[in-house]
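If you want the building blocks of each chain, they are given just below.
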2 protein chains.
Amino acid sequence: MTYCVGLKLNAGLVLLSDTRTNAGLDNISTYRKMFHFENPGERVIVIMTAGSLSVTQTTLARLQEAIEAPDADETSSIMRAETMLQVATIIGNTLNRTRRDITEQCRDLSQQASASMIVAGQRAGGTMRLFLIYPEGNFIEATDDTPYLQIGEHKYGKPILDRVVTPETSLSDAKKAVLLSMDSTLRSNLSVGMPLDLAVIERDDCRVSQRRRIDEGDPAFMAMSAAWSAALRDSFVNIQI
Amino acid sequence: MTYCVGLKLNAGLVLLSDTRTNAGLDNISTYRKMFHFENPGERVIVIMTAGSLSVTQTTLARLQEAIEAPDADETSSIMRAETMLQVATIIGNTLNRTRRDITEQCRDLSQQASASMIVAGQRAGGTMRLFLIYPEGNFIEATDDTPYLQIGEHKYGKPILDRVVTPETSLSDAKKAVLLSMDSTLRSNLSVGMPLDLAVIERDDCRVSQRRRIDEGDPAFMAMSAAWSAALRDSFVNIQI
């Protein structure tokens, strides 16, 4: 399983992913699920992935090959596409083609290969965009009404986002919100696991303004987690029925 | 969808269910999902249901018929069974038989009829028991390590239970915990809905000690929900990262 969450706020984009992959419960590994593509000041794109690792890795490899191809142009390379909508379209098409290829390879198995992605970014002169790309390549976009998108195990971490995140939320509060959302998910689903990858793209910065890997036992994360547990228990005690 | 939760504490059993049923998103109704069977002082049994309404209603009707049958005995009637284990076995067998009958009737459809149940109760001289009965009739039981059981949409309401419920929890705190667990679920899943049915069985009371229907707009429930939201937001503001 996986948990990735992205917020689109007036002040910027905030992205958080876990790193646990598993093939069955007895085969657990750590793989990065957040990928940065940037030409600082001109464009920044961050992709987060959930689903079959062979689909997501092959999709990312194909996107990278298309960037490096001698004949790369605005219809094939996410680093040359003219808008973030075009970036999402290229990624969606690549994901869909990869998913179909691998499903065809695996047709002797009953299982289907599938994956979804969150794509965030901005081009100089354009606006910040945040997309969720479905396995078939179609996508939806975050709006002011619902300024966040999730992929993977989304339920445990959704209530805190619903309660505290609006487009006006500060980047500092947004980091806190995604980390607490992840904390709830880590506690309840063993197939979501540390370390975490956090990225912040400040508005109009067109680069990854902050990036941080949060390892198992990270003192700040542990302190936040413990403080949140204590605050919830205190709140519980003080509620009257 | 549905959300039902049961707690087994040293002080007693606490049970809460919603009442929303839906056949598709455009056909929503209210049906009771909590059913009491009692011979006050001698035995009390509460059943909560999730899943196909035709399966749960037919199962309950068959259990009632078996209670009223002229030849009812300890192997067929849950009001005569000698232990709560035997009660769970009768309910499991009836559920499984009903599920199979209805699946057979519906074999022209691709969908399967299925349902699960939570069964709580005590017989005079016996101990309190809390079971989750699967569609196939097998069951698991709440223990001191995990003193609660859930059926239906369980994810949104699980974190609060994990944080605050232990066998030592008081009945008053337990009512608060299940109501807050339901509150989180109501906010996140439209197919779980008011009114709610709450029941408390105090230890060795062998009757439903408290029962309450909580309607849409219930002032106490609304006040608790608002206070919990405010407490969560305050806690969020005060957490440092």
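Parameters at a glance
Each chain has its residues counted from 1, running along the sequence as written. All chains are assigned letters beginning with A, and all ligands numbers beginning with 1, in the order in which they are written. The predicted origin of the model limits local features to residues at a pLDDT of at least 70 and limits the giving and counting of side-chain atom pairs to 80 or more, whereas totals for whole chains, interfaces and linings rest on all residues. Processing note: side-chain calculations cover all non-hydrogen atoms of the structure and skip hydrogens and water entirely. Under the DSSP-based scheme used, a helix requires at least four consecutive residues in state H or I and a strand at least two consecutive residues in state E, with every element numbered from the N terminus. Burial status follows relative accessibility: with a 1.4 Å probe on protein chains alone, a residue under 20% of its type maximum counts as buried, one over 50% as exposed, and anything between as partly exposed. We call two residues in contact when some of their heavy atoms are within 4.5 Å. The Shrake-Rupley method, run with a 1.4 Å probe sphere, supplies the accessible areas, and residue values consider only the shown protein chains as cover. Note that His is not counted, nor are the chain ends; the positive residues are Lys and Arg, and the negative ones are Asp and Glu. Throughout, a charge is located at the NZ atom of Lys, the CZ atom of Arg, the CG atom of Asp or the CD atom of Glu. As used here, buried area is the combined drop in accessible area, with a 1.4 Å probe, of two parts when they are placed together. For this analysis, a salt bridge means a side-chain nitrogen from Lys or Arg found within 4 Å of a carboxyl oxygen belonging to Asp or Glu. Side-chain atoms alone can form a polar contact between residues adjacent in sequence; in general such a contact is a pair of N or O atoms within 3.5 Å, and within protein one must be able to donate a hydrogen while the other accepts it. The least-squares superposition of copies is restricted to C-alpha atoms, and to residues with a pLDDT of at least 70 in both copies. Cavity means a closed set of points on a 1 Å grid over the protein atoms alone, one where a 1.4 Å probe fits but cannot get out, pocket means an open set with protein on both sides within 12 Å along at least 5 of 7 lines, and lining means a residue has an atom within 4 Å of a point. Grid points are joined across faces, edges and corners, and a volume is the space filled by probe spheres set on the points. Following DSSP output, two strands are said to pair if at least two bridges run between them. A fitted line through C-alpha atoms serves as each axis, taken over the contacting stretch for helices, and the angle formed by two N-to-C directions is quoted from 0 to 180°.

Visitor: Honestly, the overall build of chain A in this entry has me stumped. Any pointers?
Guide: Counting its regular elements, chain A contains 5 helices and 12 strands. Referenced to the eigenvectors of the C-alpha coordinate spread, the extents of chain A come out at roughly 65 × 50 × 30 Å. A burial count over chain A gives 53% of its 241 residues as buried. Contacts in chain A between residues at least 24 apart in sequence constitute 62% of all its contacts with a sequence separation of at least 6. Total accessible area on chain A stands at roughly 10,700 Å², and carbon and sulfur atoms take up 47% of it. Charge separation in chain A, taken as the distance between the mean sites of 25 positive and 30 negative side-chain charges, equals 2 Å.

Visitor: Which parts of the structure should I look at to understand the interface of chain B and chain A?
Guide: Interface size is often expressed as the accessible area that is lost when the parts come together. In this assembly, 33 residues from chain B lie in contact with 33 residues from chain A. Summed over the three residues of chain B that lose the most area to chain A, namely R163, F236 and I241 of chain B, the buried surface amounts to 29% of that side. At the surface where chain B touches chain A, the tally comes to 3 salt bridges. Across the pair D183 of chain B and R163 of chain A runs a salt bridge, and its minimum N-O distance is 3.9 Å. Our enumeration of links across chain B and chain A arrives at 11 residue pairs in polar contact (both at pLDDT 80 or more).

Visitor: What is the right way to read the relation of the copies chain B and chain A from this model?
Guide: When chain B is brought onto chain A, the operation consists of a screw motion whose angular component is 180 degrees and whose axial shift is 0.0 Å, with 0.0 Å RMSD remaining. Seen this way, the second copy is the image of the first under a two-fold rotation axis. The position closest to the rotation axis in chain B is occupied by the C-alpha of Y156 of chain B, lying 2.8 Å away. Most of the interface of chain B is mirrored in chain A: 100% of its interface residues are interface residues there too.

Visitor: In this structure, what is going on with empty space enclosed by the protein? I would like to understand it.
Guide: By rolling a water-sized probe across the atoms, one finds the places where empty space is left. What the rule picks out here adds up to 1 cavity of 30 Å³ or more. Considering only enclosed or pocket space, the largest cavity measures out at about 240 Å³ in volume. If you go around the largest cavity, you meet 15 residues; those closest to its centre are P159 and L232 of chain A together with P159, S184 and L232 of chain B. If you list the elements that add at least two residues to the lining of the largest cavity, you get α3 (158–164) and α5 (219–238) of chain A together with α3 (158–164), α4 (171–188) and α5 (219–238) of chain B.

Visitor: Hey, could you run me through the pairing of strand β10 (residues 148–152) of chain A in this one?
Guide: Here is the key point about a regular strand: its side chains alternate between the two faces of the sheet. All names here are of chain A. Among the 5 residues that make up β10, 4 are buried, leaving the element largely enclosed by the rest of the structure. The pairing of strand β1 (residues 3–9) with β10 spans 5 bridges and is antiparallel. When the bridges of β10 are listed, V5 appears paired with Q150.

Visitor: Got a minute to help me understand the pattern of salt bridges in this structure?
Guide: Should their charged atoms come close, side chains of opposite charge can pair. If you walk through the whole model with that rule in mind, you get 33 salt bridges over all chains. Among the ionic pairs, R207 of chain A bridges to D205 of chain A, the shortest N-O distance being 3.7 Å. Looking at D205 of chain A, the relative accessible area reads 23%, which means it is partly exposed. Across the pair R123 of chain B and E42 of chain B runs a salt bridge, and its minimum N-O distance is 3.1 Å. Linking R123 of chain B in strand β7 (residues 115–123) with E42 of chain B in the loop between β5 (34–39) and β6 (43–51), this pair joins segments that are 81 residues apart in sequence. By relative accessible area, R123 of chain B is classed as partly exposed at 22%. Given a relative accessible area of 21%, E42 of chain B falls into the partly exposed group. Several salt bridges share partner residues, and in doing so they unite R32, D197 and R213 of chain A into one network.

Visitor: What is the right way to look at unusual backbone geometry in this model?
Guide: For residues that are not glycine, phi is negative in most cases, and the peptide bond is trans in most cases. Put simply, M194 of chain A and P195 of chain A share a cis peptide bond, and its omega is -5 degrees. Along the chain, the position of P195 of chain A falls in the loop between α4 (171–188) and β11 (196–202).

Visitor: Any chance you could explain the sheet that holds strand β10 (residues 148–152) of chain B here in plain terms?
Guide: All names here are of chain B. The strand order β10-β1-β2-β11-β12 describes an open sheet built from 5 strands, whose pairing is antiparallel. The sheet terminates laterally at β10 and β12 (210–214), the two strands that pair on one side only. Neighbouring strand axes in the sheet, compared pairwise and without regard to direction, differ in orientation by 10 degrees on average. Direction of pairing for strand β1 (residues 3–9) relative to strand β2 (residues 12–17): antiparallel, over a ladder of 6 bridges. Residue pairing in the sheet places K8 in a bridge with L13 of β2. In this fold α4 packs onto β1, β2, β11 (196–202) and β12, with an angle of close to 20 degrees to the strand it touches most, β2.

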